[in-house]
Every structure is written in C-alpha cells, then in structure tokens.
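What follows is each chain in one-letter form.
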Amino acid sequence: MSRLTALALLGALIGACDAGPEPPPPPAPGLFDHPQALVFVDGLLVVANSGFRDGGPDAWAPGSLTVLDPASGAAVNRLATSRPNPQALRVHGDRLYVAVTGALDLRDTPAATDGAIDVFPVADLRTASGPAVSHRLPVDPGDPRLGGPIDLAVHGDRMVVTSAVADIAWVFDAARGGWVRGPVEPIRLGEPTGLGLGAVRAWAGGFALVDFNADRLHLLDPAGRPAGCAIELGEHPDAFEGAGAPVVDGSTLYVLLAHAGRVRAVDLAALADGCAAPVRTVVEGLGQVPNDLALRDGRLFVVASGDNAVVAYDPAGGARVGRWLLPVGSNPFSVAFAGSTMAVSAWASHGVHLFDLETGAVRVIGGASQAAEADGGLPPPADPPIGEAVLADVVVDGPPPGDGPYDDPARAVNGVRGGGAMAGSTDVFSLGLDEALTLSWGGRVVTDGPGADFVVFENPFRHPGGVFFDPIVIELSADGETWITWPHRLLPGPEPERDPALWQGFAGLTPVWLHAEDAPMHPFDPAAGGDAFDLAALPDDGEAGRIRRSGFRFVRLVSAGGRVDPATGAPFPMHPVSDGPDIDGVFGRWVSDP
C-alpha cells in the first residue's frame, strides 16, 4: 500500500465500495457535512464538518462546527471556521482550539492551501457565528506542502501544531499571542521534508509527536523545542505501518498502527531520560481501516472505519471486550466520551451516533438512521457439528517471511481470527498472486468422514457495493510429491470478480465469524464461516480416488489470480485492487496418525 493520508485512505475505501453493482447514493450533507473530530465541552457536543468533496484544491465546501445539545440531540448553533476542513478540536481552559487544515489536494503530490488555528471562547459556543480570533498558517509560496495544520496540543502557554502534508511542526505562544516557530521557520522533523500527517499530544514532559508516514515518535520539551529523539514505533522498520491517533495515559503513550492493525505502547518517561525505551504491542488483529483511538475507563476504543464499528480492547491482555456497530457505509471517523455516552462521527453518512455504554441504547443524529445489522448477517444456527477440528499447524513450503505485518507465514497456522461479515481478519498471511502456501498437520492424515472434511478460512468481507474476495485454488497431496487440484470452475456471468456465487470449488469466498479468542466456535459450524470441502466430492479414480479413500497430509493454497481458467484459456478475472488472498487458517475434521 502506498503512503496515503487518512482522507485518501478513507476515500479509497469509499471509492472501492462504489465499484460493481450500484450502491444506494450517499446521503447529502445536512446537519453535518462529512463530520470528523468531535468533543464534549460545557454540556455541549461540538462536531467538525470538513466540507470534503473530491480532494481537489477547489473542491471543498466551507468548513464549520455543529454545536449539539447531546441530551436532546438538537442543534443549538452552527459556527463557521475561517477555512475549510477543520480537523482537530482541543479544549484548553476556557478556549476551544481548532486546527483548520484548509483545502488539500490529494490527487498527485499532496499540497495545501492556507490553514489556521481558530479560537472559540467556550462561553460563546451557543451564540457566536465564527472564531474570536484566527491565527493564520499560510503555505510557503515556494513549497505548497509546507502548510496544512492537522492536529494540535497545548501544554501551559505553548501550543504545538502538526501538518497534514509535511513532517514539520509549528509552535505558538498563547501568552503573547504569537508564533515561536511559525510559517517562516517551522520545525523540520525529516531531511529532506517528506509527507507527514502528524499527530501530537501533551504530557507531563512536554509534547509527543507521531509521524504517520515515517512511523516515528518525536519528543519536544514543554517549550516546544525538539529533544532530538526519533523513535521507531512499528514492528518492522522497513515497512510502512501507519502510526497515528496517539493517546497519553500518564507517561504511557498508546499509538494506533493503522496499516499493521496494531496498538503499540511506549513509556514516555523512559524516552525522556535516555531517548530509548522498548515499544511493545498491546493489541493486534484490528479491523479494516482503523482510524481513531481513545482510552476510557481502562479500555482502548478503536474506530474501525472499514468495519463501520467501534471496538473496545483490554490494554492489559489485548482481548476484545466490546463492539458497537454502525450501518454499512457510515465510515466512522472519530470518537468522544462524556459520562456513559460515546459519540461517533459517521464521515460518509453525515451523521453522529450516540451510544449509551451502560444501557446499549443508540441514537442517530442526522445522516442514515437505519439500524445496523447484528453482525452483517450471521448464518443461522445449526446442529452442533460432530468430529474434532484440528488446525493445520505446520508451514511446509511457501514464500519466506518478510518485514511487512502480513508477511509472516506463521500467521496462517496460529489460529483463525475472523472479523465478521463486514471486516476481513488482519491476523493473516498475505499470499501473492503468483505464490503458493503448503500446510500440514505434522504428518497426520485428513480422511473422509461424515460431512465436510476440511475448511479454509480467508478474509473476504461485504461492503455496500457487494463482496470483496480473493478466490483460492485448492491442491491436495498424500505424500507431498503427487498433487491433485480440487475440481473448480467459474460460471459465466457479468462481473465475476464481484460475485462469489459464480466461483464453484474455490476457497476465499465466505466471510469468517470464528475468532479464536473473541468468538470461539466449532470451525465446521456454518456460523463459523469459511469455505468447507468434502472429500466425498472427489472423483473415484486416479490419485483423486486414492485421496478420497485414504486421505491427504498436505494442502496447498494458490491464488486463482495466478492460474488460467481452462474453460477460456485466459487468467481468472480478479478484482482491480486484489493483490492475492490472505490466509487465516485451515482446519481438518477427521484427522488421525498415518
């Protein structure tokens, strides 16, 4: 994946959903206009409206803040911002500070127009029409990347502001109302200056600044001066993992790795002392397009835009402890809390969802008001399956491990962790279009018995435009030398790359609900998902007949994208954004020693 900004990443997801069968048209802006950040302050809920249209420099509606009474859901005011695209809302003392990014051009080389920090007195939120003061951050005429404020944090009288399109920061002195490191001389965090998408939080020792595209943590002292630290936050220094949405709890910094699907933690106090401290993973296997992170009542809340969900995790052990669903196509962006209320902005459906964490009640303000599905359509319950399910736990052959978060073949044999109908698992091994992965049960044999005999779990998911899937060709062997291919065929039909019903005898077609920790169930229960195969369906002659009668020890998984359709002589058609299947695991049922 290329190094995209959050809006481009979100736009890519929404754009992918527009392909294939025509989805319902998105709702038009109303009370909200692509809402992003939100914050509770003085009994009110303030929501930032980006005015985003298509990302070009002239394609943004004016930015604004919608002020709500969360008790009644009524809008009490709408405040104009000085420029389009308000991004971050921070309350400090009796002021609400807003990082107003300005129009971004995300089409080729990212560039920005003038941005600003708007200041609103909290006491005037019900009555004001615009900011009391606006501190302008113009772009450098010679380099349009050197602008685009996206986040801010305040520590005493100092404010640090980060950029959406460059790895730079500005420092503002609130006491005297002027820039310490302003547009003329920003702090440069990279040499040469690159794409930043920075996020910043204050803590007792100063400021912690996270660079999304470099996966780096930079420390600044309370006066906003760089401490000289540049700490790698990812697990793989050579891979892009997308560090952002930092959360500070005392001296612990939690950071979301959006691309890698993890939450990592670092001890800021240890960094401040020696500029070196271990960075540890506290949660992994997050859903699709995790976009925001918050800490509340000892739980880490992750906003998964692609899953249309907010998921809570226990930071001590990483277990999932709660899940709140929004309607398909909502694309939640950010989360805020007040008492037992959790507010979630729905970027694509122009709405705000208020969840009561104690009663489970939900109220939708603006946007789509249809109820969310229980989990995207769970299969009906079935009679308890018989037979023990055994995981294929040995990688016999396949691509060597790489540095990326999905390049470790061990993820294909460490248990299945599906995400339901609307989300693919992230605890997977990504198999290239021209690659194969061979697994075994450590020498044991999978034989034919009542019902399906083995089941393959990949990570397809549904979206408003249909289903995204990567079909897999199955091969079996009793000795590791002679192989048979599971009978398969692609039925004729329009846009087969978007219709799994046309792919007969392939794996990788059915979403996965089985999750080893959060949703344990028998892998052969239809409610578990995945694609099951019965050896009784094999021909009765040749090597296929021998495997039907005596079983197999090895299963080889191959992307259909690397194979030719024998009916046409052409390669099997694949979805335009497909880059190969993601293997979550394979279970056998009637498994015995040879």
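Residues numbered from 1 in each chain as written. Predicted model: local features only at pLDDT ≥ 70, side-chain atom pairs only at ≥ 80, totals over all residues. Heavy atoms only, no water.

Caption draft 1: Representation of the confidence of the model for the protein chain within the structure. Confidence in the prediction of the protein chain, expressed as mean pLDDT, is 86, and 88% of residues score 70 or more. Here helix 1 (residues 6–17) stands out as the element of the protein chain with the lowest mean pLDDT, 36, in contrast to strand 47 (residues 585–588), whose mean of 98 is the highest. Contacts for the low-pLDDT stretch residues 1–26, under 50 throughout, to residues beyond four places or in other chains number 55 contacts. Between residues 369–381, whose pLDDT stays under 50, and residues either more than four places distant or in other chains, the model counts 24 contacts. (pLDDT = per-residue confidence, 0-100. Helix = DSSP H or I, 4+ residues; strand = E, 2+ residues; numbered from the N terminus. Contact = heavy atoms within 4.5 Å.)

Caption draft 2: A look at helix 3 (residues 542–550). Along helix 3, the residues classified as buried are E543, A544, G545 and I547. Those residues of helix 3 that are buried are in contact with strand 40 (472–477) and strand 41 (483–485). Just past helix 3, the residue G551 takes up positive phi, approximately 95°. (Buried < 20%, exposed > 50% of the residue type's maximum accessible area, 1.4 Å probe, protein only.)

Caption draft 3: Geometry of the sheet that holds strand 1 (residues 35–41). If you trace the 4 strands from one edge of the open sheet to the other, you get 1-2-3-4, paired in antiparallel fashion. At either end of the open sheet lies a strand with only one pairing partner, and these are strand 1 and strand 4 (74–80). Averaged over all neighbouring strand pairs, the angle between strand axes comes to 20°, with direction disregarded. The sheet contact formed by strand 3 (residues 64–69) and strand 4 spans 6 bridges and is antiparallel. (Pairing = 2+ DSSP bridges. Axes fitted to C-alpha atoms, helices over the stretch in contact; angles between N-to-C directions.)

Caption draft 4: The nonpolar core, seen in detail. With 29 residues, the main nonpolar core has W441, F454, V456, I474, L476, F552 and V555 as its most contacted residues. When contributions to this core are tallied by element, the ones reaching two or more residues are strand 35 (436–440), strand 37 (454–457), strand 40, helix 3 and strand 45 (554–559). The greatest single-element share of this core, amounting to 3 residues, is contributed by strand 40. Once residues lying within four places of it in the same chain are set aside, the contact partners of V456 are I472, I474, A507, G530, D531, F533, L557, G585 and V586. A208, V210, A243 and V279 belong to the second largest nonpolar core, which has 18 residues in total. (Core = buried A, V, L, I, M, F, W, Y, C linked by side-chain atoms within 4.5 Å.)

Caption draft 5: Quick peek at the pattern of salt bridges. This structure, assessed with the given rule, holds 22 salt bridges. A salt bridge links E475 to R556; the nearest nitrogen and oxygen atoms lie 2.6 Å apart. Here R556 lies in strand 45 and E475 lies in strand 40, a separation of 81 residues in the sequence. A relative accessible area of 5% means that E475 is categorised as buried. Judged by its relative accessible area of 23%, R556 falls in the partly exposed class. The closest approach of N and O atoms between R546 and E543, which form a salt bridge, is 2.9 Å. (Salt bridge = Lys/Arg side-chain N within 4 Å of Asp/Glu carboxyl O.)

Caption draft 6: Here's a closer look at the environment of D408. With respect to the helices and strands, the residue D408 is situated in the loop between strand 33 (394–397) and strand 34 (429–430). Residue D408 is classed as partly exposed on the basis of its relative accessible area of 34%. Between the C-alpha atom of D408 and that of S430, which follows or precedes it by 22 residues, the distance is 8.2 Å.

Caption draft 7: Highlighting unusual backbone geometry. You will see that H34, though not glycine, has its phi angle at about 50°, which is positive. Positioned with a positive phi, H350 is a non-glycine residue whose angle comes to about 55°. Within the fold, H350 resides in the loop between strand 29 (341–346) and strand 30 (351–356). Exposure remark for H350: the relative accessible area of 4% places this residue in the buried category.

Caption draft 8: Summary view of the packing of aromatic side chains. Applying the stated criterion across every chain, the model contains 16 aromatic pairs. Judged by centre distance (5.4 Å) and plane angle (50°), the ring pair of F52 and W347 falls under tilted. Here the residue F52 occupies a position in the loop between strand 2 (44–49) and strand 3, and W347 occupies one in the loop between strand 29 and strand 30, the gap between them amounting to 295 residues. The class of F52 is buried, set by a relative accessible area of 9%. Judged by centre distance (5.7 Å) and plane angle (45°), the ring pair of W503 and F572 falls under tilted. In this pair, W503 sits in strand 43 (residues 503–504) while F572 sits in the loop between strand 45 and strand 46 (582–583), placing the two residues 69 residues apart along the sequence. With respect to class, W503 is no different from F572; both count as buried. The ring of W483 carries the charged tip of R556 above its face, separated from the ring centre by 4.0 Å. Over the ring of F524 we find R589; its NZ or CZ atom is 4.5 Å from the centre of that ring. (Phe/Tyr/Trp six-rings, centres within 6.5 Å; stacked < 30°, edge-to-face > 60°. Lys NZ or Arg CZ within 6 Å of the ring centre and 35° of its normal.)

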